[in-house]
Amino acid sequence: AFSLAVEDIEQWKLHHTTLPVWAEYKDSYIPHLLPPLRALSIPVKTGGNHDIVNAHSRTHGPSWRMVVSLEPSGIKTWATYPGGQSGNPGSAHHHDLLSHWVKGSYFPMQFLKAPNENIQKIFYTTHLNPKAE
């Protein structure tokens, strides 16, 4: 297996100018919603593989990464995701956070202990009122 891997890497090096690091060799990308349109997909340089902790294969990866720290002073959370705030693939903001996700940069998140805590940091709220049957 090792000899075959070395042969494969040597062949790959004949056609590429970059070093054969895993992220380059794996050639990952975020596919466009219309899969045949590879030209509209977004290339990403990530490590990982489909069977390990950083479960990012060539075209599939975690859409949400979150770290939670249970501390005596309270719960602290950080998260990142590969999309943007719009969720609309036609928007200029569709992949605003992709570079942070690729680098493994996490954003601190608010974890409220009560509904009115840190109210100055809340921009929007959604109230769900299920219909009684």
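Residues numbered from 1 in each chain as written. Predicted model: local features only at pLDDT ≥ 70, side-chain atom pairs only at ≥ 80, totals over all residues. Heavy atoms only, no water.

Participant: Account for a nonpolar patch on the surface, with residues named and values stated.
Facilitator: A cluster of nonpolar residues, Trp64, Met66, Val68, Leu70, Ile75, Met109 and Phe111, forms a patch on the protein surface that exposes about 670 Å² of accessible area. Residue contributions to the nonpolar patch peak at 3 residues, all from strand β3 (residues 65–71). Within the element layout of this structure, isoleucine 75 appears in strand β4 (residues 74–80). (Patch = residues over 30% accessible without salt bridge, like charges linked within 9 Å, V, L, I, M, F, W, Y side chains within 5 Å. Areas by Shrake-Rupley, 256 points an atom, 1.4 Å probe, with all protein chains shown as cover. Salt bridge = Lys/Arg side-chain N within 4 Å of Asp/Glu carboxyl O. Helix = DSSP H or I, 4+ residues; strand = E, 2+ residues; numbered from the N terminus.)

Participant: Please provide a residue-by-residue account of the sheet that holds β3, values included.
Facilitator: Each strand in a sheet pairs with its neighbour through backbone hydrogen bonds, running either in the same direction (parallel) or in the opposite one (antiparallel). Strand order in the open sheet formed by 3 strands is β3-β4-β5, with antiparallel pairing between adjacent strands. Unpaired on one side and paired on the other, β3 and β5 (107–109) mark the two borders of the sheet. The average undirected angle you get between the axes of adjacent strands in this sheet is 25 degrees. (Pairing = 2+ DSSP bridges. Axes fitted to C-alpha atoms, helices over the stretch in contact; angles between N-to-C directions.)

Participant: I'd like a rundown of the environment of alanine 39, residues and numbers included.
Facilitator: As for its placement among the helices and strands, alanine 39 is situated in the loop between β1 (29–30) and β2 (42–43). A relative accessible area of 78% means that alanine 39 is categorised as exposed. Each C-alpha atom, one on alanine 39 and one on threonine 17, is 21 Å from the other, the two residues being 22 residues apart in sequence. (Buried < 20%, exposed > 50% of the residue type's maximum accessible area, 1.4 Å probe, protein only.)

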